[in-house]
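One letter stands for each residue in the lines below.
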Amino acid sequence: ANYFSKFSKAPVICKLVGRKVFDGVGQPTLEVEIHCTVKNYEKRICSIVMATHSQTPQNALPETSEADEKERNDSVHTAVEWVTESLSTILRDLEPTDQCEADKILGEYFENKVEENKELEKQRKGEEEKEEEEAANVTLSPASCPPSSTPKKKRGGKTGKKASVEVKPIPPAEPAQSVLCGSLAIGGASLAIAKAGATISHVPLYLYTALLKHNQESPKEMTLPLPMVTLLNCERKPPTKLKLVKEVMLIAPVELSLKQGIARVLDIQKEMTRLLESPGKTPPPRISHLGCLTTGYDSLEQLLLQMQKACNNIGLELGTDMYLAINCAAHELMDYGKEKYEILTGTFKSPDEMVAMYVEMINNFPFIIALIDPLRKE
């Protein structure tokens, strides 16, 4: 029987099951379970849980948080429907080892959903415009007066001299791109199929993925990304003054193994916790929902010197034994009235001044080897 099983038909997908589950920080997300027909029997092969990346900004209004939560729940609910109903039918009888065909099918399905969504948006906008036109027809004569007077007042407020000297204005922030509700299903189904393919092929998922990339030829060497761990989440609200830094990340040197790098990061985290808990100027730390230390600082120098002290106390040197990455999230610092970034409470810098400041910072602290979002993307 074992001999003849080698000649049996290859396993094929018989169904996908989508479920709403909760991730490590209590946010709803999508689980995709994949079942295959193996030697004429339906068998559960594996399941995957999608990571959620949506974060509600600090100091968000309760209404914003509620809207984000509703949107997240709706998206997961739609994704569960897509997986269990549509995708389960479309992908039935496909071999899970045929990743290329599976992703092609998923891509086409998503494109169709995007087009459907565009059509619905057009219809909704058309209805809104129709309602606005009807309302304008009712109040046409009074509504036509204010617009003609308002621009005159605005023009009168600016002098011609200022306009001629004025430099190129700061472009407004790009509107946040909306994510299609339910799109979590596409990545979830693709990852579930990849994991099923790896399980059936009896190889680890990382190697299976590498084989897909290298046309089924085993790569000469496998490399892991460097561990890049968020150590500090810096509060940007009073009584602390520093706004420039949102997160401080530790990057281990390339010569360390992944295990050694993580061990070193944990040693620094323990010492940093001890320093922050001792009496001092900075407020006592809290642990954020992502598991990192949360505190505030009055200046960049205060923060970086404390980092150096924590490393020195355990016999490590920044720039040799560990490196830093600074996440500035500068789009959150822009004051559009002043057209400048607020780096400290009440201290503003233009884009050119920001660049000069970063150059000086890197020269003074060469152990900073990465800046994340140092300026707005615009």
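- The name given to the protein in an unreviewed UniProt entry is phosphopyruvate hydratase, with the source organism recorded as Regulus satrapa.
- Per UniProt, the protein has the following entry under Pathway (unreviewed entry): "Carbohydrate degradation; glycolysis; pyruvate from D-glyceraldehyde 3-phosphate: step 4/5."
- For the record of the protein, the UniProt heading Sequence similarities (unreviewed entry) holds the text "Belongs to the enolase family."

## Here's the deal with the sheet that holds strand E1 (residues 12-22)
- Pairing is antiparallel across the open sheet formed by 3 strands, whose spatial order is E1-E2-E3. In this open sheet, the two strands that pair with only one neighbour each are E1 and strand E3 (41-49). On average, adjacent strands in this sheet sit at an angle of 25° to one another, irrespective of strand direction.
- Both E1 and strand E2 (residues 28-38) contribute to a ladder of 10 bridges, which runs antiparallel.

## Focus on unusual backbone geometry
- The omega torsion of the bond from Pro-238 to Pro-239 falls at 10°, within 30 degrees of zero and hence cis.
- If you trace the backbone, Pro-239 turns up in the loop between strand E4 (228-234) and strand E5 (247-251).
- Phi at Lys-39 takes a positive value of approximately 50°, unusual for a residue other than glycine.
- Using a relative accessible area of 47% as the deciding quantity, one classes Lys-39 as partly exposed.
- Positive phi values are uncommon outside glycine, yet Asp-93 reaches one of about 75°.
- The topology assignment puts Asp-93 in the loop between helix H2 (62-90) and helix H3 (99-138).
- Residue classification places Asp-93 among the exposed residues on the basis of a relative accessible area of 58%.

## So, the confidence of the model for the protein
- When pLDDT is averaged along the protein, the result is 86; 89% of the residues meet or exceed 70.
- The spread of mean pLDDT over the elements of the protein runs between helix H5 (residues 146-157), the lowest at 45, and strand E8 (residues 323-327), the highest at 97.
- Of the regions scoring below 50 in pLDDT, residues 143-163 engages in 0 contacts with residues more than four places distant in sequence or in other chains.

## So, the sheet that holds strand E12 (residues 368-372)
- Spatially, E6-E7-E4-E5-E8-E12 is the arrangement adopted by the 6 strands of the open sheet, whose pairing is mixed. Strands at the two margins of the open sheet, each flanked by one partner only, are strand E6 (286-287) and E12.
- Across 5 bridges, the pairing between E5 and E8 is antiparallel. Residue pairing across strands places Ile-251 opposite Tyr-323, the latter belonging to E8.
- Along the sheet face, helix H10 (residues 300-313) touches E4, E5, E8 and E12 and points at about 135° away from the line of E4.

So, how was this worked out
- Just so you know, the residues in each chain are numbered from 1, in the order the chain's sequence is written.
- Residue-level local features of this predicted model are given only where pLDDT is at least 70; pairs of side-chain atoms are given and counted only at 80 or more, and the full residue set underlies all totals for whole chains, interfaces and linings.
- No hydrogens and no water enter the side-chain calculation; it runs on all heavy atoms of the structure.
- UniProt positions are given in the numbering used here, feature names are shortened, and annotations may be inferred rather than shown by experiment.
- Strand pairing is defined by DSSP finding a minimum of two bridges between the two strands.
- Elements are defined by DSSP. Helices are runs of H or I of four residues or more, strands are runs of E of two residues or more, and each kind is numbered from the N terminus.
- Every axis corresponds to a line fitted to the C-alpha atoms, with the helix fit spanning only the stretch in contact, and the corresponding angles, defined between N-to-C directions, vary from 0 to 180 degrees.
- Under the scheme applied here, a residue whose accessible area is under 20% of the maximum for its type counts as buried, over 50% as exposed, and between as partly exposed, the area being computed with a 1.4 Å probe on protein chains only.
- On a range of 0 to 100, pLDDT expresses the predictor's confidence in each residue.
- By definition, residues are in contact when any of their heavy atoms lie within 4.5 Å.

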